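The primary structure of each chain is shown beneath.
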Amino acid sequence: MIIVMKNNTPLSEVERLVQELESPTVTPEKSVGQQKVIIGLGGDTAALDSRHTQQLSPFIEKVLRINKPFKKASLEFRYGEPMTVSVSTPNGPVLFGSNHPVVNIAGPCSVENEAMIVETARRVKASGAQLLRGGAYKPRTSPYSFQGHGESALGLLQKAKEITGLGIVTEVMDAADLTKIAAVADVIQIGARNMQNFALLKQVGLLNKPVLLKRGMAATIEDWLMAAEYIMAGGNSNVILCERGIRGFDRKYTRNTLDLSAIPVLRDLTHLPIVIDPSHATGKSEYVSPMAKAAIAADADGLMIEVHPDPARALSDGPQSLTPERYSLLMKELATMCKAVGRPEQAPVQAASDFKAHSILAL
Ligand code: PEP
Ligand code: MN
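Residues numbered from 1 in each chain as written. Chains lettered and ligands numbered in written order. Predicted model: local features only at pLDDT ≥ 70, side-chain atom pairs only at ≥ 80, totals over all residues. Heavy atoms only, no water.

Undergrad: Summarise the pairing of strand β11 (residues 211–214); cite the residues concerned and give the values.
TA: Because side chains alternate across β11, one face comprises the buried residues Val211 and Leu213, and the other comprises Leu212 and Lys214, equally buried. Inspection of the sheet shows strand β10 (residues 187–190) paired to β11 by three bridges, in the parallel sense. By the bridge assignment, isoleucine 188 is partnered in β11 with valine 211. Once you follow β10 into helix α6 (residues 198–205) and on to β11, the crossover reads as right-handed. (Buried < 20%, exposed > 50% of the residue type's maximum accessible area, 1.4 Å probe, protein only. Helix = DSSP H or I, 4+ residues; strand = E, 2+ residues; numbered from the N terminus. Pairing = 2+ DSSP bridges. Right-handed = clockwise from strand over helix to strand, strands pointing away.)

Structural data, given as structure tokens:
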């Protein structure tokens, strides 16, 4: 259920109403949009009567029920206003959402050693990326494949962050690792394989930190939004959706099938920001750039791209990783795409030399 307040309602009245509505089963959430102030009611609102709620204040314009299984994730919950998810990084806040420039996340599939993660961080930053990705805990199909360096890789991500000022995106697979991951990560990634790990979703729902929620490889859009709802129901509204390709029948030429139609569909259904991962979607480096450009044309709010300084020697996902040179070229092409579709320009990032205070590693 949402409550739409009349224009020019005093904020003190909104606060009073929020307090009045608060109960052990109902959690009111105020959102101040460009046009309207909305109070979204999460939790069990079935027992609330719309007409009775309408009478709680003369400043209430209308009370609307949300007729979708996902409530807080629905577009209606914010009365059509897109959500901004703000990621704090040493370089300043990075904003995800359809009112903001496209956010670029780049880095290797997994953190292999200090030199490679720091070099990759520097190179992708120089190309214009705002966030560094890199797996410390890797979900691998085979138990005999490289599983990630775990905790020591978190330390290396922290170093790369200190040197470049880039925020960190890294995956959690097990709730037992969440505290140490959250100490380094600025965005916590839930991978495709864990999209419906409800125990894990509930745990990240208790954090006050952005979550990048990847679409499960056989998840419907509704399954995916219900997974987002699990996180939001716990009180964490900072969810970013990431389409990374779904299982198709032709796996010979592409690893997955990138569902770009998810972007306009999600725009109709949710206020949450949408990121596209063309690396896992295609599985082949030569197809990453065309699909990244297509994602911008289809109105994505961000891109997550795997970049490795030496893809042929990568410990995971080398075949789909771009070299730093190729990534730099792609970023130039993407700037043209952004201009063509009228997406606002990204503010230039600070130079790495602004972080002299931190230890500079010899590479
Ligand atoms: C990843 O981004 O490193 C990853 C494992 O992706 P996915 O969960 O989409 O397979
Ligand atoms: Mn990968």
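Moving on from the coordinates now.
Undergrad: Residues and numbers for the nonpolar core, please.
TA: Core analysis: the biggest nonpolar cluster contains 69 residues, and Ile117, Leu132, Leu213, Leu241, Ile305 and Tyr327 have the highest contact counts within it. Take this core: its biggest share by element is seven residues, from helix α7 (residues 221–233). Setting aside chain neighbours within four positions, we find tyrosine 327 in contact with Asn104, Ala106, Val124, Ser127, Ala129, Ile305, Val307 and Leu322. The next biggest cluster of nonpolar side chains, apart from the first, holds 15 residues, and it includes Met83, Val85, Phe96 and Val169. (Core = buried A, V, L, I, M, F, W, Y, C linked by side-chain atoms within 4.5 Å. Contact = heavy atoms within 4.5 Å.)

Undergrad: Quick one: what's the story with the coordination of the manganese ion (ligand 2), residue by residue and with numbers?
TA: Donor atoms from the polypeptide that bind the manganese ion (ligand 2) are Cys109 (SG), His280 (NE2), Glu306 (OE) and Asp317 (OD), placed at 2.0 to 2.4 Å. When the donor residues of the manganese ion (ligand 2) are listed from N- to C-terminus, their spacing reads C-x170-H-x25-E-x10-D. Linking glutamate 306 in strand β14 (residues 302–306) with aspartate 317 in the loop between β14 and α11 (324–340), this pair joins segments that are 11 residues apart in sequence. Among the residues examined, aspartate 317 registers a relative accessible area of 17% and is labelled buried. (Donors = N, O, S within 2.8 Å, 3.2 Å for Na, K, Ca; no water.)

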